[in-house]
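What the coordinates show
Listed below are the residues making up each chain.
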Amino acid sequence: MELVFGLVGLLFTLIFVSFWFSLFCGLILTFLFLLKLSFSSDVLYISCGLGMDLLSFTLVGLSLWICCLMILASGEINKFKIYSGFFVFIIIILLVSLVLTFLSMNLFVFYLFFEVSLIPTLILIVGWGNQPERIQAGVYLLFYTLLVSLPMMMGLFFMDYYGFSLEFYFLQSFNNLFLYLCFSMVFFIKIPMFLVHLWLPKAHVEAPVSGSMILAGIMLKLGGYGLLRSMKILFKIGMKVNLIFIVVSIIGAVIISLVCIRQNDMKMLIAYSSVSHMGLVLAGILTYNLWGSWGALGLMLAHGLSSSGLFCIANILYERTHSRSMFLNKGFINIMPSLSLWWFLLCSSNMSAPPSFNLVGEIILINSLNLYSSLILFFMFFLVFYSGVYSLFLYAFTQHGQVYSGMFSVSCVNIREYTLLFLHWVPLNLLFLKGELFLCWI
């Protein structure tokens, strides 16, 4: 804990020195944090009301990694001096709030920083977004979350009054449907579940690349993390009502996959694919079995890297053509053949092709849902099939076809952008080598 917050404090003093120097310090912090790796399911490094088990460790590590890559992806902000110092400051505030969310051992502290992390994200979207509708997207993001955060706070006070503690170790199980809805709806919206997902595509499309990366990479994982932590409280009532939400999630994921196939906006397609993948994660968590918990963590880690990488590579095209339309971004294999390799690698990871970690997570989640009800396998067939269809559709549409004649010149991809894609893809495809260490957190 001292290491993390000591170095984050150092970063605060360095943000106005140099944009790239803050990235360098962030990467050092990330690798120092990874040295603290422990594959124990026990809570370690307990101090100041914070502690870390394997679930917290993986998500804090992912937060540090994605926040560093956000700075690396935002070279345009530094190049054109669009408040670059303030931009790094906002990312560090966001990082601190996420780290405190994942490390807190008290439910109220978790709730507090869970809500605090919303503010820097909103500032990123409204401050550095490219489109005029970004205010509306920010309002969607804010009010979808805030609408259900007050009921959760009431639920926390109820639990504190009747359960006498909000520490994770002393939580009791309550057989109360109202408490279940107060608690779960916050996390269902954050994941997001089908029917309450409309804020996500809007926020992704209007956000800068850094905003899309943090939304896809970390913010959606807050919902999954919250559900995994609150299992203990909601177990009794969850056994009765979870089936409804599992059915909505799985059927919704199939419908969203069909929506993906009809998209002509690259960012919208990637955003909807996030909803589809996280619907599978949500269904796995709600089965309340061991396979579901393991697979949910695996797919959350994998999706955080693959979806973030796809947003980065879509942004590389957007910075050159100033359009997200797949009708204009065509035939790039003719003019950027080396970038086509990265498109193929990231699209194949998104459709859970081996050796990506997505495959490991999906296989475990399919096992989990099969144990819960074999009827779900019928929908899983369509979900996996359409996942492959829209990933190949995205790759084929952008890389093949005739080059748009309006593109008189497209600058080459630079080393920074190749490094960015490399740092997304390599961890994603090496994690499977020792995947069992990251999955078996219970």
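Scoring rules and cut-offs
Residues numbered from 1 in each chain as written. Predicted model: local features only at pLDDT ≥ 70, side-chain atom pairs only at ≥ 80, totals over all residues. Heavy atoms only, no water. Helix = DSSP H or I, 4+ residues; strand = E, 2+ residues; numbered from the N terminus. Rg over C-alpha atoms; globule rule 2.2 N^0.38 Å. Buried < 20%, exposed > 50% of the residue type's maximum accessible area, 1.4 Å probe, protein only. Contact = heavy atoms within 4.5 Å. Areas by Shrake-Rupley, 256 points an atom, 1.4 Å probe, with all protein chains shown as cover. Lys, Arg positive; Asp, Glu negative; His and termini not counted. Charge placed at Lys NZ, Arg CZ, Asp CG, Glu CD. Core = buried A, V, L, I, M, F, W, Y, C linked by side-chain atoms within 4.5 Å. pLDDT = per-residue confidence, 0-100. Axes fitted to C-alpha atoms, helices over the stretch in contact; angles between N-to-C directions. Parallel < 35°, antiparallel > 145°, perpendicular 65-115°, else oblique. Salt bridge = Lys/Arg side-chain N within 4 Å of Asp/Glu carboxyl O. Left-handed = near helix turned anticlockwise from the far one by under 90°. Nonpolar A, V, L, I, M, F, W, Y, C, P; charged D, E, K, R; others polar.

What follows deals with the overall build of the chain. Helix and strand counts for the chain come out as 20 helices and 2 strands. Relative to a compact globule of 442 residues, whose C-alpha radius of gyration would be 22 Å, the chain shows 21 Å and is just as compact. Each principal axis of the C-alpha distribution contributes one length, and for the chain these read about 70 × 55 × 40 Å. By residue count, 61% of the 442 residues in the chain fall in the buried class. Within the chain, contacts between residues separated by at least 24 positions form 83% of all contacts whose residues are at least 6 apart in sequence. Carbon and sulfur atoms form 73% of the exposed surface of the chain, whose accessible area is close to 16900 Å². Of the side chains in the chain, 18 bear a positive and 14 a negative charge, and the two mean positions are spaced by 5 Å.

One finds Leu107, Phe183 and Trp343 to be the most contacted residues of the largest nonpolar core, which totals 152 residues. At 16 residues, the largest contribution of residues to this core is made by helix H3 (residues 54-73).

Moving on: the confidence of the model for the chain. Taken as a whole, the chain shows an average pLDDT of 89; of its residues, 95% reach a score of 70 or greater. The lowest-confidence element of the chain is helix H1 (residues 2-14), averaging 61 in pLDDT; the highest-confidence one is helix H13 (residues 266-286), averaging 95.

It is at 9 Å that the axes of helix H17 (residues 357-372) and helix H18 (residues 376-399) come closest, and there the two elements cross at 155 degrees. With respect to H18, the axis of H17 lies roughly antiparallel. Seen from H17, the contacting residues are Glu362, Ile366, Leu369, Asn370 and Tyr372; seen from H18, they are Ile376, Leu377, Met380 and Val384.

A word on the pattern of salt bridges. All chains considered together, the criterion is met by 5 salt bridges. Between arginine 416 and glutamate 417 there is a salt bridge, with the nearest N and O atoms lying 3.7 Å from each other. Connected through salt bridges with shared partners, the residues Arg320, Arg416 and Glu417 form a single ionic network.

Moving on: the packing of helix H8 (residues 134-163) against helix H10 (residues 199-206). Relative orientation of the contacting elements H8 and H10 amounts to 140 degrees, with a least axis distance of 9 Å. The two elements H8 and H10 meet at a crossing, and its hand is left-handed. Residue-level inspection shows Arg134, Gln136, Ala137, Tyr140, Leu141 and Tyr144 of H8 in contact with H10, the latter providing Trp199, Lys202, Ala203 and Glu206. Along the lines of polarity and charge, the residues of the contact of H8 with H10 split into 6 nonpolar, 1 polar and 3 charged.

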